[in-house]
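Architecture at a glance
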Amino acid sequence: MASTDTAVPHVLVLGGTSEARDLAARLAESMPWLRVTTSLAGRVARPRLPVGEVRVGGFGGPEGMARWLREQRVAALIDATHPFAGTISFSAAEAAAAVHVPLLALRRPGWVPSDGDRWTHADSLDDAARLLPGLGERVFLTTGRMGLASFAHLDALWFLVRSVDPPEPPHPPRMETVLDRGPFTLDGERELIRRHRVDVVVTKDSGAAATAPKLTAAREAGVPVLVVRRPATPDGVPVAPDPGSALEWVRERLG
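Residues numbered from 1 in each chain as written. Predicted model: local features only at pLDDT ≥ 70, side-chain atom pairs only at ≥ 80, totals over all residues. Heavy atoms only, no water.

Some points on the sheet that holds strand 2 (residues 35-40)
Taken in spatial order, the six strands make up an open sheet running 3-2-1-4-5-12, and their pairing is parallel. Two strands lie at the open edges of the sheet, namely strand 3 (53-56) and strand 12 (239-240), each paired on one side alone. Direction of pairing for strand 1 (residues 10-14) relative to strand 4 (residues 74-79): parallel, over a ladder of five bridges. Within strand 4, the residue paired with Leu12 across the bridge is Leu77. Here helix 7 (residues 243-254) sits on the sheet and contacts strand 1, strand 4, strand 5 (103-106) and strand 12; the angle it forms with strand 4, its principal contact strand, is near 165 degrees. (Pairing = 2+ DSSP bridges. Helix = DSSP H or I, 4+ residues; strand = E, 2+ residues; numbered from the N terminus. Contact = heavy atoms within 4.5 Å. Axes fitted to C-alpha atoms, helices over the stretch in contact; angles between N-to-C directions.)

Right, dumping it as structure tokens:
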């Protein structure tokens, strides 16, 4: 049962990433007197659960999140969602400002190209779909199942789609699905590109080390990579690059 002691500081972590799970574990170990709740969107059927309390589902927009923050007496809010989960980040910024709760964004750094990389950048999934036909015909699409609709009209291309859960329509008509969850190995990524004769990779700039081996494998094979840039983040929200920095931020405010 959740603690109802209003004297216990309550931290809400907007999660769904490995960094969010890491932070929840660090908070439980180094500040065990805190009440820590991690909120998950509920889009993955069998998510990896963090240490501490867990809530699943949306808040009902910024007003609903503000109400939850107030009712649950949240003392600090950490947005540790995926870099491409843009809507929730803006809702968090609006909700935190409304109820005067300090907010931190935990964002892993983006990827940086290396010598030999053949990268093309796109501003969105729709922009990536527009650029894709000129880059290759056999596509390794690693942008997740939620964005497949942007590529559904590209019936001349063949897609290898990797996602945690089975994708639902609309999606490209010529498609093979690989159900898998990171971290991925370099040898595994090399084999996927070789076996499926991939000639272009499409990815979001998630920045995660767990999914970076595909970039190395593509560079080694001379395969171009279409990288979707991250969406804008709310202005004025401080950013921590890793869970350790986020832990220090919590200590400064609640320690």
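Here we look at the environment of Arg73
Tracing the sequence through the fold places Arg73 in the loop between helix 2 (61-71) and strand 4. For Arg73, a relative accessible area of 56% corresponds to the exposed category. Placed 36 residues apart in sequence, Arg73 and Pro109 show a C-alpha to C-alpha distance of 31 Å. (Buried < 20%, exposed > 50% of the residue type's maximum accessible area, 1.4 Å probe, protein only.)

As for the nonpolar core
In this structure, Val11, Leu23, Leu27, Leu34, Ile78 and Val250 are the most contacted members of the largest nonpolar core, which totals 19 residues. Every element with two or more residues in this core is listed here: strand 1, helix 1 (18-30), strand 4, strand 5 and helix 7. Among the elements that make up this core, the one with the highest residue count is helix 7 (five residues). Contacts of Leu23, omitting those with residues within four sequence positions, involve Val13, Ile78, Leu106, Pro243, Ala246 and Leu247. (Core = buried A, V, L, I, M, F, W, Y, C linked by side-chain atoms within 4.5 Å.)

Thoughts on the sheet that holds strand 10 (residues 200-204)
The sheet built from six strands is open, its strands ordered 6-11-10-7-8-9 with parallel pairing. Single-partner strands in this sheet number two, and they are strand 6 (119-122) and strand 9 (175-179). Between one strand and the next, the sheet's axes are offset by a mean angle of 20 degrees, whatever the strand orientation. Bridge count between strand 8 (residues 158-163) and strand 9: five bridges; the pairing is parallel. Bridge pairing in strand 9 links Val161 to Thr177. The sheet contacts of helix 6 (residues 213-221) involve strand 6, strand 8, strand 10 and strand 11 (225-228), and relative to strand 10 the element is tilted by about 155 degrees.

Focus on the packing of helix 1 against helix 7
Contact pair helix 1 / helix 7: the axes reach a minimum separation of 9 Å and the direction vectors enclose 45 degrees. As far as their axial angle goes, helix 7 and helix 1 are oblique. Crossing handedness for the pair helix 1 and helix 7: right-handed. Touching Glu19, Asp22, Leu23, Arg26, Leu27 and Ser30 of helix 1 are Pro243, Gly244, Ala246, Leu247, Val250 and Arg251, all from helix 7. (Parallel < 35°, antiparallel > 145°, perpendicular 65-115°, else oblique. Left-handed = near helix turned anticlockwise from the far one by under 90°.)

A word on the pairing of strand 2
Counting buried positions along strand 2 gives six out of six residues, so the element sits mostly inside the fold. Going residue by residue along strand 2, you find Arg35, Thr37 and Ser39 tucked away on one face and Val36, Thr38 and Leu40 tucked away on the opposite face as well. Across five bridges, strand 1 lies against strand 2 in parallel orientation. From the neighbouring strand, Val13 faces strand 2, where its bridge partner is Thr38. One crossover worth recording links strand 1 to the parallel strand 2 by way of helix 1, and it is right-handed. The pairing of strand 2 with strand 3 spans four bridges and is parallel. Bridge assignment links Leu40 to a residue of strand 3, and that residue is Val56. (Right-handed = clockwise from strand over helix to strand, strands pointing away.)

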